[in-house]
Amino acid sequence: MRLSLIPSQLSLQTLARTFSRDEVAPLAREADETGIFPLHLVKRMGELGFLAGTIAPEYGGAGMDYLSYTLISEELGWADSSVRGFLAVHGSLVSLCINDWGTEAQKQRYLPRLATGEIIGCYCLTEPNAGSDAGNLETTATLDGDEYILNGEKIWITNGGIADLAIVFATTDRAKKHKGICAFLVETNTPGFVREKMPGKELGHRASDHAHISLQSLRVPKSSLLGQEGDGFKIAMSALDHGRLGVAAGALGIAQACLDASVDFVRKRRAFGQRIGDFQMIQATIADMATEIEAARLLVYKAATMKDALSAGKALPTTRETSMAKLYATEIAVKAASNAVLLHGGRGYSNEYPVERHYRDIKGLQIYEGTSHIQRIVIARDIIGKEGKEGI
Ligand SMILES: Cc1cc2nc3c(=O)[nH]c(=O)nc-3n(C[C@H](O)[C@H](O)[C@H](O)COP(=O)(O)OP(=O)(O)OC[C@H]3O[C@@H](n4cnc5c(N)ncnc54)[C@H](O)[C@@H]3O)c2cc1C
């Protein structure tokens, strides 16, 4: 396994780092306080080729490899999880899903505009009674002539209030469980697509747009079906396989930001006549944080590298490695953020320092696109195998 980045990856990493530090990070505190997403960054990410990173140039994408895309997510995560979260949903859950499952007409219609940010995408899977247990969703799709009629409710939909295009998962027959689920491409100006802001104030990702969406007898043509009828659950899971890699990289970025801020702080802050960075307990915390981040980075980059091999037709599916990367990177980032607040003392408890925001944001990464419990289930099932099926 190669442990160094090639020149094209290094130059994208530099581009993403410069963008994140110069254009994203300076806006993060105000966006978090006001709850207003800096929408101009969407077009900028389109200009930089980030919005459709791994998609082929013929559909407006940048044609980069997954490792490069992962590096971009890591740098955005360092600066602002709300912006990185936007990219994970718009770029991975929506664009890559259309790229993998769409017809030629669907790809031509949506991918180039998603790539520039002319239109924004959202991914509607979670419902009030179906989160981790997504196969149990209740939104219905009823065929009526050449149209499907959608009815149901979706919650916690990132970009839901600003999106132009939604991938909506609904069932044609609940008795068929997973096999009854279908995916639909729904233009959000369709009558019956009703959206409002999620109630309450979020713990983190406060600049993200989180919507509650009601589908009220919404009619879509048969041609809006993504994949075949009954493919919806497979489509949802394959999209999450892409998305989880971006979440893992985002967690890595948060952990690195917490380490960078902590190192800077412990070098300057003095107590008992010396730098706090000279106390052994502080040093142990920094050493553990740095070691865990490096271990997480190897898992994340390995999953990305395997995904590149997979897309080149040279490897097996990477679901286990992606889940391991997401599980480990989010768990160590939760710890890193908690320690970073502690190392900053009282200052870490105020949004005067970014570690306070990272501490709140990281809990979201541990929950969405499959909680840590669910990642453990995915990993264990892949290792042990389901009854009747061989594992490794
Ligand atoms: C900031 C944010 C953004 C989001 N964005 C989106 C989005 O864009 N689109 C979208 O569709 N959804 C989105 N979600 C929803 C998110 O994916 C769900 O919240 C998540 O999948 C968990 O589902 P739930 O909230 O229903 O919790 P539940 O599934 O009810 O889980 C509650 C608890 O039970 C545990 N649990 C459940 N089943 C098991 C099991 N079998 N074994 C052990 N433990 C279990 C869970 O791990 C969790 O700890 C977002 C959520 C957040 C917080």
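Everything that follows concerns the structure shown earlier in this document.
The structure contained in this document is the topic of the report that follows. (Residues numbered from 1 in each chain as written. Predicted model: local features only at pLDDT ≥ 70, side-chain atom pairs only at ≥ 80, totals over all residues. Heavy atoms only, no water.)

### Details of the site of the ligand
Part 1 of the argument: The local shell around the ligand holds 15 residues, among which T126, S132, W156, T371 and H373 are the closest.
Part 2 of the argument: Measuring from a nitrogen atom of the ligand, one finds a backbone N or O atom of W156 at 2.8 Å.
Part 3 of the argument: The side chain of T158 places a nitrogen or oxygen atom 2.8 Å from a nitrogen atom of the ligand.
Part 4 of the argument: For the ligand, whose free accessible area comes to 980 Å², the fraction covered by protein is 64%.
Part 5 of the argument: Of all the secondary structure elements, the ones that give two or more residues to the shell around the ligand are β3 (147-158) and α10 (372-384).
Part 6 of the argument: Among the elements that line the shell around the ligand, the one with the most residues is β3, at 3 residues.
Part 7 of the argument: Its residues assigned to classes, the shell around the ligand shows 7 nonpolar, 7 polar and 1 charged.
Part 8 of the argument: Both domains that furnish three or more residues to the shell around the ligand are identified here as domain 2 (122-230) and domain 3 (233-384). (Near = heavy atom within 4 Å. Polar contact = N/O pair within 3.5 Å; in protein donor to acceptor, adjacent residues only side chain to side chain. Areas by Shrake-Rupley, 256 points an atom, 1.4 Å probe, with all protein chains shown as cover. Helix = DSSP H or I, 4+ residues; strand = E, 2+ residues; numbered from the N terminus. Nonpolar A, V, L, I, M, F, W, Y, C, P; charged D, E, K, R; others polar. Domains from an automatic or database assignment.)

### A closer look at the pairing of strand β4 (residues 165-171)
On a regular strand, one side chain projects to one face of the sheet and the next to the other, so that they alternate.
Part 1 of the argument: Counting buried residues along β4, 7 of its 7 residues qualify, which places the element largely inside the surrounding structure.
Part 2 of the argument: On β4, burial covers both faces: L165, I167, F169 and T171 on one face and A166, V168 and A170 on the other are all buried.
Part 3 of the argument: Where strand β1 (residues 121-124) meets β4, 4 bridges bridge the pair, whose relative direction is parallel. By the bridge assignment, G121 is partnered in β4 with L165.
Part 4 of the argument: Direction of pairing for β4 relative to strand β5 (residues 181-187): antiparallel, over a ladder of 7 bridges. Each bridged residue has a counterpart across the sheet, and for F169 the counterpart in β5 is A183. (Buried < 20%, exposed > 50% of the residue type's maximum accessible area, 1.4 Å probe, protein only. Pairing = 2+ DSSP bridges.)

### Notes on the nonpolar core
Part 1 of the argument: By size, the foremost hydrophobic cluster in this structure holds 42 residues, and its most contacted members are L150 and F184.
Part 2 of the argument: In this structure, this core is formed jointly by two domains, domain 1 (7-120) and domain 2 (122-230), each of which donates at least three residues.
Part 3 of the argument: Counting 37 residues, the second largest nonpolar core, distinct from the first, contains L71, I254, V300 and A325. (Core = buried A, V, L, I, M, F, W, Y, C linked by side-chain atoms within 4.5 Å.)

### What about the pattern of salt bridges?
Part 1 of the argument: Evaluated as defined, the whole model comprises 19 salt bridges.
Part 2 of the argument: A salt bridge links R44 to E23; the nearest nitrogen and oxygen atoms lie 2.9 Å apart. Within this pair, whereas R44 is found in helix α2 (residues 40-47), its partner E23 is found in helix α1 (residues 7-34), the two being separated by 21 residues in sequence.
Part 3 of the argument: Relative accessible area serves as the criterion here: at 28%, E23 is assigned to the partly exposed category. (Salt bridge = Lys/Arg side-chain N within 4 Å of Asp/Glu carboxyl O.)

### Structural notes on the packing of helix α7 (residues 280-311) against helix α8 (residues 319-343)
Part 1 of the argument: Following both chains from N to C, one finds α7 and α8 inclined at 155 degrees, their axes separated by 9 Å at the closest point. Considering their axes alone, α7 and α8 lie roughly antiparallel with respect to each other. When the axes of α7 and α8 are compared, the crossing they make is left-handed.
Part 2 of the argument: Here the contact of α7 with α8 is composed, by residue class, of 18 nonpolar, 3 polar and 4 charged. (Axes fitted to C-alpha atoms, helices over the stretch in contact; angles between N-to-C directions. Parallel < 35°, antiparallel > 145°, perpendicular 65-115°, else oblique. Left-handed = near helix turned anticlockwise from the far one by under 90°.)

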